[in-house]
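Coordinate inspection notes
Given next are the chains, with one letter for each unit.
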Amino acid sequence: MIAEFSADSVVRREFWAQVCPGLSIEAGGDRPSTSVGAFDAHLANLKREGYVQVPDALPESAVVPIRTGVSTLYQQGIPLAFAFVYDELWLAFQGFSEFLTSVMGEGYRALPDFWVWHVNPSDNAVGWGPHRDKLVNTLDHDNSPRTLTVWLPFTDATPLNGCMYMLPAHLDHRFVERRWDGADNTVVHNLQDIRALPATAGTMFAWNQAVLHWGGRGSRLGAAPRISAAFEFQRSDCAPFNSPLLDPHRMPTFTERLGLIGKQVLQYRHMYPLAPDVEAIATLIAERYMPEVAAPMGVGAAL
C-alpha cells in the first residue's frame, strides 16, 4: 500500500520507489539516444518562426516509462512536477545536449524552470493559456536565442487533448517590434496566423522565450490525455535569468531535486490553483533542499 503524499513521505526515497517502481532515483542510467539532426536548419527556423518541431526525436523506450510514471502520479493525486524526482525525466532532456549545444554554444546552462502536464481529453481540461515564457529581451539582434524552452510530449498531442499552438515569430508584430510586455501582449490580431502543432509522442519542440504560445483545450472527443514536460535553458554568456543555474550534464541528487521541485510548485502557482497543503510541502522542501548556485558563469565554463 502506498503511503499518503505528505510532508513526511515526500522526503523519503522509499515513498517514491513505491509510487513508481518502474522509475529510478540516482541509479546512474544512460541518457537516451535522440535523433534531431539538421542543426543549421533548426537554428534558421528558430530565428524566423521562433520554434522547431522534430518528430521521433526521443525513442519509445524513453517515452513509455515517463508516460506511465506521470499517469501514476496523476491517478494518485500527486503534483506532477514531482515526476522530476525520477532519473528518467532528467535523462530525457539531457539526451538533447548536442542540439542545445548547437543552438546555445558550449557551456550552456539549465534554468531552474521545468514543469509537467496531464491534460485530459475533456471539455474542462486545458493547457497553460497564451503567454510568453519571459517578458524580457532573450534574443540577439538576429533572433539567436539567449534562452530556450524544450517541450516533450510523451503521448500524442492533438487538437482534442490540448496540443501546442504558436503564433510564429515573423507573423507577430510585437515580436518584430521587440515589445514583450503590456496588457495586449497575448492578443492575436489575425486568427489565421495561429499555427496548431499536433505531434506524436517523442517529438521534440524547442522555442525561444519571446514567442507567443499556449496549450489548447481538451475535448471529450479525444482518445487519450496529453502528457508532456518542459525544461528551460540559457547561454553561458548571459547573466542568469533565474537561479540557481544548473549544470545540464549533471544529475541532481535526490534532495536537490526535491528543492528544485518545491521551487517550481511555488513559482508557477500563478498558472493554476495551489492547495494550501501542497504549498506548505513545496515551501518546506524548497527552503530545506534548494541546491547551491552552479559553477561560476563564463563563456565555455567547464562542466
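Residues numbered from 1 in each chain as written. Predicted model: local features only at pLDDT ≥ 70, side-chain atom pairs only at ≥ 80, totals over all residues. Heavy atoms only, no water.

Per an unreviewed UniProt entry, the protein chain carries the name Phytanoyl-CoA dioxygenase and comes from Mycolicibacter nonchromogenicus.

1. Some details on the sheet that holds strand β2 (residues 109-119)
For clarity, the cut-off: When DSSP locates at least two bridges between a pair of strands, those strands are taken to pair. Put simply, DSSP marks the helices as runs of H or I at least four residues long and the strands as runs of E at least two long, and each gets a number from the N terminus on. Orientation is described by axes fitted as lines to C-alpha atoms, over the contacting stretch for helices, and by angles from 0 to 180 degrees between their N-to-C directions. In what follows, residue pairs with any heavy atoms lying within 4.5 Å of each other are defined as contacts.
Across the sheet, which stays open at both edges, the 5 strands sit in the order β1-β6-β3-β8-β2 with antiparallel pairing between neighbours. Sheet topology places β1 (51-54) and β2 at the edges, where each strand pairs with a single neighbour. Sheet twist, expressed as the average angle between the axes of neighbouring strands with direction ignored, equals 15 degrees. Where strand β3 (residues 147-153) lies against strand β8 (residues 226-234), 7 bridges are found, and the strand directions are antiparallel. Among the inter-strand pairings, Leu 152 is bridged to a residue of β8, identified as Ala 229. Sitting on the sheet, helix α2 (residues 39-48) is in contact with β1, β3 and β6 (204-208), with an inclination near 140 degrees to β1.

2. Let's talk about the sheet that holds strand β7 (residues 212-215)
Reading across from one edge, β5-β4-β7 is the order of the 3 strands in this open sheet, with antiparallel pairing throughout. Two strands bound the open sheet, and with one partner strand each, they are β5 (195-197) and β7. Neighbouring strand axes in the sheet, compared pairwise and without regard to direction, differ in orientation by 25 degrees on average. Of the strand pairs in this sheet, strand β4 (residues 164-167) and β5 are connected by 3 bridges, and their pairing is antiparallel.

3. What to know about the pattern of salt bridges
So the rule is basically this: We define a salt bridge as a contact between a side-chain nitrogen of Lys or Arg and a carboxyl oxygen of Asp or Glu at a distance within 4 Å. When a residue's accessible area, from a 1.4 Å probe over protein chains only, is under 20% of the maximum for its type it is buried; when over 50% it is exposed; and in between it is partly exposed.
Under the counting rule described, the total for this entry stands at 15 salt bridges. Between Glu 26 and Arg 13 there is a salt bridge; the shortest N-O distance is 2.1 Å. With Glu 26 in the loop between α1 (13-19) and α2 and Arg 13 in helix α1, this pair connects stretches of sequence that are 13 residues apart. With relative accessibility at 36%, the residue Glu 26 sits in the partly exposed group. Its relative accessible area of 38% is what places Arg 13 among the partly exposed residues. What emerges from the salt-bridge pattern is a single network uniting Asp 140, Arg 146, Arg 235 and Asp 237.

4. What to know about the nonpolar core
As a reminder of what qualifies: Note on terminology: a nonpolar core comprises buried Ala, Val, Leu, Ile, Met, Phe, Trp, Tyr and Cys residues joined through side-chain atoms within 4.5 Å.
If you look at the biggest cluster of nonpolar residues, it comprises 86 residues, and the most contacted ones within it are Trp 16, Phe 84 and Met 204. Those residues in contact with Phe 84, other than ones at most four positions away along the chain, are Leu 89, Trp 90, Phe 93, Phe 114, Trp 115, Val 116, Ala 229, Ala 230, Phe 231, Arg 257 and Ile 261. With 5 residues, the next largest nonpolar core counts Ala 169, Phe 175, Trp 180 and Ala 210 among its residues.

5. Looking at unusual backbone geometry
Ser 243 connects to Pro 244 through a cis peptide bond whose omega is 5 degrees. For Pro 244, the location among the structural elements is in the loop between β8 and α7 (254-267). A positive phi is found at Asn 143, a non-glycine position, where the angle reads about 75 degrees. Looking at where Asn 143 falls in the secondary structure, it is placed in the loop between β2 and β3. Asn 143 sits in the buried class, given a relative accessible area of 15%.

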